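Chain residues, written in single-letter form:
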Amino acid sequence: MTAADAGAFSRRAWLLSDRPASRLQARLGRAYVAWRRFSANRLALVGMLIIIALLVVAALADVLAPYSPTVGDLKNARLLAPGAAHWFGTDDLGRDIYSRIVYGSRWTLYVVILVAIIAAPIGLLVGTIAGYAWGWTDTVLMRITDIFLAFPKLVLALAFVAALGPGIENAVLAIAITSWPPYARIARAETLTVRNSDYIKAVQLMGASPFRIVLRHIMPLCISSLIIRVTLDMAGIILTAAGLGFLGLGAQPPLPEWGAMIASGRRFILDQWWVAAAPGAAILIVSLGFNLLGDGLRDALDPRSGDQ
C-alpha cells in the first residue's frame, strides 16, 4: 500500500468513525456518506451536471449568447433555419433563438428559486405548527391545506395570476401560493413522528418554549425531506411557469421566457418547427435534470438507507 493509499484509507476511516470526536467530524462524516449514496446513482450525477450546466449558462449568458435576446433583424434574418450563423435558427422577428434560450435560463432559475424561497418556508412553518400543536390548530391548518390541494395546481395558479394580472412576478407569486400545501403535509408527517420522542420530551423538561422547540429542534429534522420534495417539484414549477407564459399570463414580450417562446412559435410548428422545438427541448432537458437530481437526493438523504 502506497503512502497516498494509506492516507486516503485513514481519511475514510476518520470520516466513517462510529465515535466522532467533534461535531465537525460528525457533520463531515454524514456528508461523506450522503455523497457516496448520491454518487452511486449515475443518473443522479447526470442530473447534477445538467443543473450545473444551467447555472453556468445563466451566469455567463452575456458571454455565451452571440446576439441580443430582444433585438432581431426582421429584414434579413426572419425564420432562418438552424445553421452556422444561428445554431437554433431565428424566430418570426429575426431574433436568434439560441441567444434567447441562453438568456431564458436566467428567468427559469429566477422562477424556481423564488418559488422555492417563498413556498418551502411557508409549508415548513404550517406543517410543523400543525403537527406539534395538534388539536384545533392542526384541524384548521390542515383543512386550509386540503382546500388548496383540492384544485389542480395549474388551474389554481391561473386563477391567482388572472386576479393579480399578467407578469413574471405575479406568476411567481401565484405558483408559490399553490406550491406550499405538499410541503406542509410532509412537514406535518415528519413532526408527528418526533413530537412524542424522548428527544423532544427532554427539551420540554428543560423548559424550552413551544416556539423554540418547533424552530430549533423540529424544523431541522424536516429539512432533508423538504429539500428532496422541492427538488422533485422544480420540474413541475418550470412546466407551470411555462404554461402560464404560453397562455400569455406569465413573462411578457420581449422577455425570452421559454414558455412564451413556445407560444410565439406554435403558429409555425409545421414549417418552421425549430421556433417552438428549441425552447421545448430546453424545458425537457432541465426538467429531466431536476427529476434525476431529486431522485439522487432522495437516496442520499434518506436516513433509513444504510451505507453503500
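See the structure printed just above.
Below, the structure is looked at part by part. (Residues numbered from 1 in each chain as written. Predicted model: local features only at pLDDT ≥ 70, side-chain atom pairs only at ≥ 80, totals over all residues. Heavy atoms only, no water.)

1. With respect to the overall build of the protein
The helix and strand tally for the protein stands at 12 helices and 0 strands. Written out in order from the N terminus, the α and β elements of the protein read α-α-α-α-α-α-α-α-α-α-α-α. Considering only C-alpha atoms, the protein reaches an extent of 75 × 65 × 25 Å along its principal axes. A buried classification covers 44% of the 308 residues belonging to the protein. (Helix = DSSP H or I, 4+ residues; strand = E, 2+ residues; numbered from the N terminus. Buried < 20%, exposed > 50% of the residue type's maximum accessible area, 1.4 Å probe, protein only.)

2. As for the packing of aromatic side chains
A complete count under the given rule lists 6 aromatic pairs for this structure. Considering the side-chain rings of phenylalanine 88 and tyrosine 98, the 5.5 Å spacing of their centres and the 85° angle between planes classify their relative orientation as edge-to-face. Separated by 10 residues along the polypeptide, phenylalanine 88 in the loop between α4 (61–64) and α5 (97–133) and tyrosine 98 in helix α5 bring together distant segments of the chain. Owing to a relative accessible area of 15%, tyrosine 98 belongs among the buried residues under this scheme. Summarising the aromatic geometry, the rings of tryptophan 107 and tyrosine 110 are spaced 5.6 Å apart at their centres and angled 80° between planes, so their arrangement reads as edge-to-face. One end of the pair is tryptophan 107 and the other is tyrosine 110, both in helix α5 and 3 residues apart, which spans about a single turn. Exposure remark for tryptophan 107: the relative accessible area of 23% places this residue in the partly exposed category. Site record: aromatic cluster; members linked through ring pairs are Trp87, Phe88 and Tyr98. Above the plane of the ring of phenylalanine 246 lies arginine 266, whose end atom (NZ or CZ) is 5.4 Å from the centre. (Phe/Tyr/Trp six-rings, centres within 6.5 Å; stacked < 30°, edge-to-face > 60°. Lys NZ or Arg CZ within 6 Å of the ring centre and 35° of its normal.)

3. Describing the pattern of salt bridges
This model, assessed by the stated rule, comprises 9 salt bridges. One salt bridge connects aspartate 146 with arginine 143, and the closest N-O pair in it is separated by 2.8 Å. In this pair, aspartate 146 and arginine 143 both sit in helix α6 (residues 135–149), 3 residues apart, roughly one turn of the helix. Accessibility expressed as a relative area gives 25% for aspartate 146, which makes it partly exposed. (Salt bridge = Lys/Arg side-chain N within 4 Å of Asp/Glu carboxyl O.)

4. Things to note about the side chain of histidine 86
Structurally, the position occupied by histidine 86 is in the loop between α4 and α5. Among the polar contacts listed, one links the side chain of histidine 86 to the side chain of aspartate 96, at a separation of 2.9 Å. Once you skip the residues sitting within four places of it in the chain, histidine 86 turns out to touch Tyr67, Ala77, Leu80, Ala81 and Asp96. (Polar contact = N/O pair within 3.5 Å; in protein donor to acceptor, adjacent residues only side chain to side chain. Contact = heavy atoms within 4.5 Å.)

5. Looking at helix α10 (residues 210–246)
With 37 residues, α10 should reach 54 Å at 1.5 Å per residue; the first-to-last C-alpha distance of 46 Å falls well below that figure. Along its length, α10 reaches its greatest deviation from straightness, about 45°, at methionine 219, and the proline proline 220 lies no more than four positions downstream. Directly after α10, the chain includes glycine 248, whose backbone phi takes a positive value near 85°. (Expected span 1.5 Å × (residues − 1). Bend = angle between axes of the 7 residues up to and from the residue.)

All we've got here are geometric facts, nothing functional implied.
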